[in-house]
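# Structural overview
If you want the building blocks of each chain, they are given just below.
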Amino acid sequence: MVAVSPSVGHIATDPLRNFKFQVQIQHPGIKGFARMGFMSVSGLNVTTEVIPYREGGMNTTTQKMPGQSDFAPITLSKGLAIGDSQMMDWMRQLFTVIQGTGGGKAGAEFRHTVDIKVLDHPVTSGSAPAKAAFRVYNAWPTAVAFSDLDAGANAIIVQQMTLAHEGFEFKLANSVGSSSVSF
């Protein structure tokens, strides 16, 4: 008889799951806006323009240099729930800055840091360590939208918020297990 123990070697090479994540918005001006449950987060990407140029005497090929980098807008989606007005509250704060109207105080900061943490799965203890994290800098809402209302559908109302931002940082855990990544 041979003793066999379960192997955990595959865990180190398994990709992270994309359905277990947490969004935390560092927004001291709006009560209860710290942690929010979202259905989806999209748009976490950066692109850098390519500047082609030709140099005299080397006309057979175009040389390329990196140009300006740009970060795509991020879209957060969640189901609409009673008493859940944080998205519109943040948008109203932006109206105060732009037009001097809305519910916020004049001169209040409308840009905030957003942390998006990808949590470990499966969870075998009381808390799940973060295995990857994005920190989005100087984020502010450019749009808030709601799904269509349809009496014939069997669906929920989904609200979306699109954020402009000035870049993000990405960190990944170094090991499998209880180690966690943070900023």
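You'll find the structure just up there.
Here goes a summary of the coordinates provided. What you are looking at is a predicted structure, and each value in this text was computed from that prediction instead of being measured.

Along its length, the protein carries one helix and ten strands. Starting at the N terminus, the α and β elements of the protein follow one another as β-β-β-β-β-β-α-β-β-β-β. For the protein, the residues scored as buried account for 27% of the 183 residues in total. For the protein, long-range pairs separated by at least 24 residues make up 63% of all intrachain contacts whose partners lie at least 6 apart in sequence. Counting only carbon and sulfur atoms, one obtains 54% of the accessible surface of the protein, whose full area is about 12,000 Å².

To continue, consider the nonpolar core. Residues V114, M161 and L163 are the most contacted members of the largest nonpolar core, which totals 19 residues. Those elements giving two or more residues to this core turn out to be β1 (21-26), β6 (74-79), α1 (86-99), β7 (112-119), β8 (130-146) and β9 (158-164).

The residue N138 is not glycine, and still its phi comes out positive at about 50°. You can see N138 is positioned in strand β8.

Quick look at the environment of L16 now. Positionally, L16 belongs in the segment before β1. A relative accessible area of 44% means that L16 is categorised as partly exposed. Distance in space between the C-alpha atoms of L16 and V118 is 7.9 Å, their sequence separation being 102 residues.

On inspection of all chains with the given rule, the structure shows four aromatic pairs. Centre to centre, the rings of F71 and F168 are 5.5 Å apart; their planes meet at 70°, and the pair counts as edge-to-face. Of this pair, F71 sits in strand β5 (residues 58-71) while F168 is found in strand β10 (residues 168-172), placing the two residues 97 residues apart along the sequence. The exposure class of F71 is partly exposed, given its relative accessible area of 24%. For the ring pair F110 and W140, a centre distance of 5.9 Å and an interplane angle of 85° mean the geometry is edge-to-face. Placement of the pair is F110 in the loop between α1 and β7 and W140 in strand β8, with a sequence separation of 30 residues.

Reading the values: the criteria
- Residues numbered from 1 in each chain as written.
- Predicted model: local features only at pLDDT ≥ 70, side-chain atom pairs only at ≥ 80, totals over all residues.
- Heavy atoms only, no water.
- Helix = DSSP H or I, 4+ residues; strand = E, 2+ residues; numbered from the N terminus.
- Buried < 20%, exposed > 50% of the residue type's maximum accessible area, 1.4 Å probe, protein only.
- Contact = heavy atoms within 4.5 Å.
- Areas by Shrake-Rupley, 256 points an atom, 1.4 Å probe, with all protein chains shown as cover.
- Core = buried A, V, L, I, M, F, W, Y, C linked by side-chain atoms within 4.5 Å.
- Phe/Tyr/Trp six-rings, centres within 6.5 Å; stacked < 30°, edge-to-face > 60°.

That's the geometry; what it means functionally is another story.
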